[in-house]
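Coordinates in review
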Amino acid sequence: MLADAFAAERLRFLRARGTIFWSVLFVPLVGVALAIIQGLFMRGLMNRVDARPPTRAVYLLNQAVESVSSSNFFLIQVFFLIAAAAILAGDYRWETWRLLTPRNTRANLMLGKLATFGLVAAAGLVLLAVSGVLSGLVAAGMTGGNVAWARDGGELIKPLAGVFVAAWLEMMVLGALAAVVAVSTRAGLATILVPVALWIVQAFILGQASGRFADPMAPPLPWLIGSPALAADMLKAALQPASPGFTPPTVWPIALAGLTGWIAGLTGLAVWLFGRQDLTRE
């Protein structure tokens with residue numbers, strides 16, 4: 001059953017403490033450490049007689065939204081994909097597929113792995129949000145800045161939840177792509193590098209072509225559907241709180257459909273390839 005496969009993969013991952021640290025804990029800890037270093041630097045400047053920079057107010061929910069939105073940065077994606085490589089390609093490395101396939105169907109085994117990665121991705125995004133809030137508190141405590149929940153008293157709970165879902169969907173596209181790469185190459189390193197490389201290529205192409213869009217907030221339909229990174233950016237932009245001079249994009253339903261389509265298509269491809277793979281030596 002799928003529930004059994006999911007439970008088994010979840011248990012295996014929870015015992016991989018090194019993978020847990022590097023995939024979901026390292027980036028948030030680095031974010032807090034950088035905030036401490038920056039706070040110490042600013043405090044050192046403020047203690048000087050000839051340089052007293054003005055304190056900056058800290059908005060905790062805005063910090064959380066920005067931290068979750070930063071998950072599309074390729075260096076952060078690398079650490080999330082460490083978990084994907086361990087979950088999706090680990091059995092190729094340790095040659096344990098022959099022990100698992102008699103216990104469940106191949107489709108359930110692959111879907112259980114992707115569900116486990118989805119849980120890990122959600123936990124990592126939550127920790128990124130917590131890291132953003134802690135970084136804001138550290139900055140305020142060291143520089144004496146004011147602390148508030150949201151800028152201009154805006155309501156950010158719903159935008160934060162929406163941006164979280166958009167970032168999670170983008171991570172799941174990466175995870176489904178990593179599953180295809182893991183099955184095709186049987187290599188953990190390729191499972192990490194290929195998805196990140198494709199996201200970097202997307203960013204480069206979009207940077208070159210964005211100036212040709214008639215409306216940057218309403219890109220052409222083929223671009224929106226063909227680029228999961230662009231679809232995620234449009235979905236996040238639509239969920240950002242309104243501000244003067246900014247019109248949220250109205251193409252978010254297409255962006256949402258594009259992301260879910262990529263997840264379904266890549267997942268189906270990974271299951272199909274895995275079902276036809278020779279595992280006699282794995």
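Refer to the preceding data block for the structure.
Residues numbered from 1 in each chain as written. Predicted model: local features only at pLDDT ≥ 70, side-chain atom pairs only at ≥ 80, totals over all residues. Heavy atoms only, no water.

Here's the deal with unusual backbone geometry
- Positive phi, normally seen in glycine, also occurs at Glu95, with a value near 55 degrees.
- Classification of Glu95 by relative accessible area gives partly exposed; the value is 45%.
- Not every positive phi belongs to a glycine, and Arg186 is a case in point at roughly 60 degrees.
- Mapped onto the elements of the fold, Arg186 is located in the loop between helix H7 (157-185) and helix H8 (188-209).
- The exposure class of Arg186 is partly exposed, given its relative accessible area of 33%. (Buried < 20%, exposed > 50% of the residue type's maximum accessible area, 1.4 Å probe, protein only. Helix = DSSP H or I, 4+ residues; strand = E, 2+ residues; numbered from the N terminus.)

Quick look at the side chain of Thr267
- Position of Thr267 relative to the elements: it lies in helix H11 (residues 252-275).
- By relative accessible area, Thr267 is classed as buried at 14%.
- Reaching out from Thr267, the side chain makes a polar contact with the backbone oxygen of Ile263 at a distance of 2.7 Å.
- Contact partners of Thr267, with chain neighbours within four places excluded, come to Leu111, Leu114 and Ala176. (Polar contact = N/O pair within 3.5 Å; in protein donor to acceptor, adjacent residues only side chain to side chain. Contact = heavy atoms within 4.5 Å.)

Quick look at the pattern of salt bridges
- For the structure on display, the rule yields five salt bridges.
- Across the pair Arg12 and Glu9 runs a salt bridge, and its minimum N-O distance is 3.1 Å. Separated by three residues within a single helix, Arg12 and Glu9 lie in helix H1 (residues 2-14), roughly one turn from each other.
- By relative accessible area, Arg12 is classed as partly exposed at 38%.
- The exposure class assigned to Glu9 is buried, which follows from its relative accessible area of 6%.
- A salt bridge links Lys113 to Asp91; the shortest N-O distance between them is 2.5 Å. Here Lys113 is found in helix H6 (residues 106-143), whereas its partner Asp91 is found in helix H4 (residues 74-94), with 22 residues between them in sequence.
- Look at Lys113 and you get buried, because its relative accessible area is 1%.
- Because the salt bridges share partners, they merge into one network encompassing Glu9, Arg12, Asp91 and Lys113. (Salt bridge = Lys/Arg side-chain N within 4 Å of Asp/Glu carboxyl O.)

Some remarks on the packing of H6 against H7
- Closest axis-to-axis distance for the H6/H7 pair is 9 Å, and the angle between their directions is 140 degrees. In this view, H6 runs oblique relative to H7, as classed from their interaxial angle. The handedness of the crossing between H6 and H7 comes out as right-handed. Listed contacts from H7 to Met110, Leu114, Phe117, Gly118, Ala121, Ala122, Leu125 and Val126 of H6 are Phe164, Ala167, Trp168, Met171, Met172, Gly175, Ala176, Ala179 and Val183.
- Residues that form the contact of H6 with H7 fall into these classes: 15 nonpolar, two polar and no charged. (Axes fitted to C-alpha atoms, helices over the stretch in contact; angles between N-to-C directions. Parallel < 35°, antiparallel > 145°, perpendicular 65-115°, else oblique. Left-handed = near helix turned anticlockwise from the far one by under 90°. Nonpolar A, V, L, I, M, F, W, Y, C, P; charged D, E, K, R; others polar.)

Describing the packing of aromatic side chains
- In the structure shown here, the tally under the stated rule is seven aromatic pairs.
- With a centroid separation of 4.8 Å and an interplanar angle of 45 degrees, the aromatic rings of Trp22 and Phe26 are classed as tilted. Of this pair, Trp22 and Phe26 both sit in helix H2 (residues 17-46), four residues apart, which is roughly one turn of the helix.
- A residue is classified by how much of its surface remains accessible, and Trp22, at 41% relative accessible area, is partly exposed.
- Accessibility expressed as a relative area gives 24% for Phe26, which makes it partly exposed.
- Feature note: the residues Phe21, Trp22, Phe26 and Phe79 constitute an aromatic cluster, connected by ring pairs.
- Geometry around Phe6 places Arg10 over its ring, the cationic atom sitting 4.8 Å from the centre.
- A cation over a ring is seen here: Arg106 above Phe274, with NZ or CZ 5.5 Å from the ring centre. (Phe/Tyr/Trp six-rings, centres within 6.5 Å; stacked < 30°, edge-to-face > 60°. Lys NZ or Arg CZ within 6 Å of the ring centre and 35° of its normal.)

A few points about a nonpolar patch on the surface
- On the surface, Val126, Val130, Leu134, Leu137 and Val147 cluster together into a nonpolar patch covering about 370 Å² of accessible area.
- Broken down by element, the residue count for the nonpolar patch peaks at four residues, all from H6. (Patch = residues over 30% accessible without salt bridge, like charges linked within 9 Å, V, L, I, M, F, W, Y side chains within 5 Å. Areas by Shrake-Rupley, 256 points an atom, 1.4 Å probe, with all protein chains shown as cover.)

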